[in-house]
Amino acid sequence: MSVPTRLVAFAAVLGLVFGGAALAGAALDPTDDSVTADAGHGDETAGGRGGENPAAARGEHGGGYGQIAVAPVASGVAASQDGLTLVSDDTFFRRGQQETFSFQITDERGRVLRDEFEIESEREMHLIVVRADTATYQHLHPRKDADGTWSVELELPEPGVYRAYADFMIGGRQRALTTTLLAPGAFEPNELPAPTRSDSDGGLDVELKADGLNAGRECRLTFAVTRDGQPFDGLERYLGAKGHLVALREGDLAYLHVHPTEGGSEHAHEGGGTSSEAHPNEVPFAATFPTAGRYRLFLQIQAGGEIRTVAYTLEVPR
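Residues numbered from 1 in each chain as written. Predicted model: local features only at pLDDT ≥ 70, side-chain atom pairs only at ≥ 80, totals over all residues. Heavy atoms only, no water.

Describing the pattern of salt bridges
At step 1: Counted under the stated rule, the structure contains 11 salt bridges.
At step 2: One salt bridge connects Glu 124 with Lys 144, and the closest N-O pair in it is separated by 3.3 Å. Taken as a pair, Glu 124 in the loop between strand 3 (98–106) and strand 4 (126–131) and Lys 144 in strand 6 (residues 143–144) lie far apart in primary sequence, 20 residues in all.
At step 3: Take Lys 144: its relative accessible area is 28%, and that puts it in the partly exposed class.
At step 4: Residue Arg 249 is joined to Asp 252 by a salt bridge in which the shortest nitrogen-to-oxygen separation is 2.6 Å. Of the two residues examined, Arg 249 and Asp 252, each falls in the buried class.
At step 5: One network of salt bridges, with partners in common, ties together Asp 107, Arg 109, Arg 111 and Glu 116. (Salt bridge = Lys/Arg side-chain N within 4 Å of Asp/Glu carboxyl O. Helix = DSSP H or I, 4+ residues; strand = E, 2+ residues; numbered from the N terminus. Buried < 20%, exposed > 50% of the residue type's maximum accessible area, 1.4 Å probe, protein only.)

Next comes the structure, spelled out in structure tokens:
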């Protein structure tokens, strides 16, 4: 792309950068010192933990829900964190055209990391790409070359400013680094959908129940899957679990990556009854939302060999 064309394209999206802040602007909680339109469906296109909480890094919980909780510190808000940096020259993409997105992760000395990545959810690297208004969502798995460069074919379906999150684990700690991608063109941002506890995809209805929902405290999120009003027991393993959940905070799009607990403390089920085990049609998670406010949640499950994606707006009280 020529320099004049790039300048024109950049000018076309500058309004989005600032307009997106106004769109998202339900104010961030001032006590947070760590410093969106329905998603599409189908395949893996529509789904880090992070911070300085050693207990969360070791997979410990205060609430006893069983696996890894989100540390109550924002993650995925910058290209650099804890000496690691996401480096990419790929910024501009032509709307609706598949192009290669490549990036590297470097350390504090600028050295490209190659063999330090650890398997998490069956992959060394997860790439989440979402438009600034959260109207589109993609969960991709880049391939790594011998020189430490990660690459994936990426299509930005509509004009706008996008956030790309590199989600990976090194040294037993989950990391989330982000960069901005631009797709020039006329853009009208969507308002964040109103809070909801239900969504559907491919004939499956998914209801969200949130127990103990308060900012800064671990809560339990349970997604109950039904079809034609009956519990759906055909969930298949996806990335080594019953589901994959990503949450983005309104305002700065801070990234929270949580995992199913698949058992744990005593809890209520949809339709009545309590137990410490998830029903076959339930996908439970333990999560800690760092601040009060609205979050956009993207859940991916697999059934019949197909990935289904459902999305929710969740209001988290103080």
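Quick word on the nonpolar core
Note on soluble globular proteins: their nonpolar side chains tend to be buried together.
At step 1: Of all hydrophobic cores here, the largest spans 30 residues; its most connected members are Leu 221, Phe 223, Phe 289 and Leu 297.
At step 2: At the level of secondary structure, the elements contributing two or more residues to this core comprise strand 11 (204–211), strand 12 (218–227), strand 14 (244–249), strand 15 (255–258), strand 18 (282–288), strand 19 (293–303) and strand 20 (306–316).
At step 3: For this core, the element with the highest residue contribution is strand 19, accounting for 5 residues.
At step 4: Excluding its chain neighbours within four sequence positions, the residues that come into contact with Phe 289 are Leu 213, Ala 215, Gly 216, Cys 219, Leu 221, Ala 247, Leu 256, Tyr 295, Leu 297, Leu 314 and Val 316.
At step 5: With 24 residues, the next largest nonpolar core counts Leu 84, Leu 86, Leu 113 and Ala 183 among its residues. (Core = buried A, V, L, I, M, F, W, Y, C linked by side-chain atoms within 4.5 Å. Contact = heavy atoms within 4.5 Å.)

Structural notes on the sheet that holds strand 9 (residues 173–183)
At step 1: Spatially, 5-4-8-9 is the arrangement adopted by the 4 strands of the open sheet, whose pairing is antiparallel. Among the strands making up the open sheet, the edge pair consists of strand 5 (137–140) and strand 9. Each strand axis lies, on average, 20° off the axis of its neighbour in the sheet, ignoring direction.
At step 2: Alignment of strand 8 (residues 160–170) against strand 9, held across 11 bridges, turns out to be antiparallel. Bridge pairing in strand 9 places Arg 163 opposite Thr 180. (Pairing = 2+ DSSP bridges. Axes fitted to C-alpha atoms, helices over the stretch in contact; angles between N-to-C directions.)

As for the pairing of strand 9
At step 1: Most of strand 9 is tucked away, with 9 of its 11 residues classed as buried.
At step 2: Hairpin connection between strand 8 and strand 9: a loop of 2 residues separates the two successive antiparallel strands, and Gly 171 in this loop has a positive phi of roughly 65°.

So, the side chain of Asp 133
At step 1: By the secondary structure assignment, Asp 133 is in the loop between strand 4 and strand 5.
At step 2: Overall, the relative accessible area of 1% leaves Asp 133 in the buried class.
At step 3: Within the structure, Asp 133 has its side chain in polar contact with the side chain of Arg 131 (distance 2.8 Å).
At step 4: There is a polar contact of 2.9 Å between the side chain of Asp 133 and the backbone nitrogen of Asn 190. (Polar contact = N/O pair within 3.5 Å; in protein donor to acceptor, adjacent residues only side chain to side chain.)

Focus: the environment of Ile 170
At step 1: Relative to the helices and strands, Ile 170 resides in strand 8.
At step 2: Residues Ile 170 and Glu 116, 54 residues apart in the sequence, show an inter-C-alpha distance of 6.1 Å.
At step 3: Those residues in contact with Ile 170 that lie beyond four places of it in its chain are Leu 84, Leu 113, Glu 116, Phe 117, Glu 118 and Arg 175.

Structural notes on the sheet that holds strand 1 (residues 80–81)
At step 1: Strand order in the open sheet formed by 5 strands is 1-2-3-7-6, with antiparallel pairing between adjacent strands. A single partner strand is all that each edge strand has here, and the edge strands are strand 1 and strand 6.

Let's talk about unusual backbone geometry
At step 1: Of note, the phi angle at Thr 134 is positive, near 65°, even though the residue is not glycine.
At step 2: Position of Thr 134 relative to the elements: it lies in the loop between strand 4 and strand 5.
At step 3: A positive phi angle, close to 55°, is found at Leu 239, a residue other than glycine.
At step 4: Inspection of the secondary structure assignment puts Leu 239 in the loop between strand 13 (230–231) and strand 14.
At step 5: Taking relative accessible area as the criterion, Leu 239 reaches 8% and is therefore assigned buried.

Thoughts on the packing of aromatic side chains
At step 1: Considering all chains together, one arrives at 9 aromatic pairs under this definition.
At step 2: Ring geometry for Phe 117 against Trp 150: centres 5.2 Å apart, planes inclined by 90°, an arrangement best described as edge-to-face. Here Phe 117 is found in the loop between strand 3 and strand 4, whereas its partner Trp 150 is found in strand 7 (residues 150–155), with 33 residues between them in sequence.
At step 3: Overall, the relative accessible area of 5% leaves Phe 117 in the buried class.
At step 4: Aromatic pair Tyr 137 and Phe 298: ring centres 4.1 Å apart, planes at 10°, arrangement stacked. Of this pair, Tyr 137 sits in strand 5 while Phe 298 sits in strand 19, placing them 161 residues apart in sequence. Per residue, the accessibility class of Tyr 137 equals that of Phe 298, and both read buried. (Phe/Tyr/Trp six-rings, centres within 6.5 Å; stacked < 30°, edge-to-face > 60°.)

Purely geometric numbers; function is a separate question.
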